[in-house]
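Coordinate analysis (summary)
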Amino acid sequence: MGIKVRKQIYIEPYQEKLLKEMAQQSGTSEAELIRQAIDRHLRGFASTRPSLDAWEKEKAFIAEIQKRVPLPGGRDWNRTDLHER
């Protein structure tokens, strides 16, 4: 089963009632149900992690803009240029 880390949490009374009912009906411990719920919840975050590749491309784009020599009278790009990339 592996090593476990003890955590103490506070839940709402209705959550405790539901947890006890689910554990009894499924024949699973309350702790196991909580671990399964945490796993399901964390899997949702794994798919929404930001793309580091996209960030590296953006940083490279910003670095190129910063290298440009300022033109007299203002910038050398417009909003449409940014949307086209």
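Residues numbered from 1 in each chain as written. Predicted model: local features only at pLDDT ≥ 70, side-chain atom pairs only at ≥ 80, totals over all residues. Heavy atoms only, no water.

**Points about a nonpolar patch on the surface**
On the surface, Ile-9, Ile-11, Ile-34, Ile-38, Leu-42 and Phe-45 cluster together into a nonpolar patch covering about 550 Å² of accessible area. Structurally, the position occupied by Ile-38 is in helix H2 (residues 30-46). Overall, the relative accessible area of 45% leaves Ile-38 in the partly exposed class. (Patch = residues over 30% accessible without salt bridge, like charges linked within 9 Å, V, L, I, M, F, W, Y side chains within 5 Å. Areas by Shrake-Rupley, 256 points an atom, 1.4 Å probe, with all protein chains shown as cover. Salt bridge = Lys/Arg side-chain N within 4 Å of Asp/Glu carboxyl O. Helix = DSSP H or I, 4+ residues; strand = E, 2+ residues; numbered from the N terminus. Buried < 20%, exposed > 50% of the residue type's maximum accessible area, 1.4 Å probe, protein only.)

**Re the confidence of the model for the protein**
Low pLDDT means the predicted atomic positions in that stretch should not be read closely. When pLDDT is averaged across the protein, the result is 86; 92% of the residues are at 70 or more. At the low end of the mean pLDDT range in the protein sits helix H4 (residues 79-84), at 73; at the high end sits helix H1 (residues 13-26), at 97. (pLDDT = per-residue confidence, 0-100.)

**Observations regarding the layout of surface pockets**
Space inside the largest pocket adds up to approximately 620 Å³. Ile-9, Ala-31, Leu-33, Ile-34 and Arg-35 are the residues nearest the centre of the largest pocket, which is lined by 19 residues in total. With eight residues, H2 is the largest single contributor of residues to the lining of the largest pocket. (1 Å grid on protein atoms, 1.4 Å probe; cavity = no way out; pocket = protein on both sides within 12 Å on 5 of 7 lines; lining within 4 Å. Points joined across faces, edges and corners; volume = space filled by probe spheres on them.)

**Side note on the pattern of salt bridges**
Considering all chains together, one arrives at six salt bridges under this definition. The partner of Lys-17 in a salt bridge is Glu-21, and the shortest N-O contact between them spans 3.5 Å. Placement of both Lys-17 and Glu-21 in helix H1 is noted, with a separation of four residues, approximately one turn of the helix. The class for Lys-17 is exposed, based on a relative accessible area of 55%. By relative accessible area, Glu-21 is classed as partly exposed at 33%. Notably, a salt bridge pairs Glu-64 with Lys-67, separated by 3.3 Å at the nearest N-O pair. Placement of the pair is Glu-64 and Lys-67 together in helix H3 (residues 52-67), with a separation of three residues, close to one helical turn.

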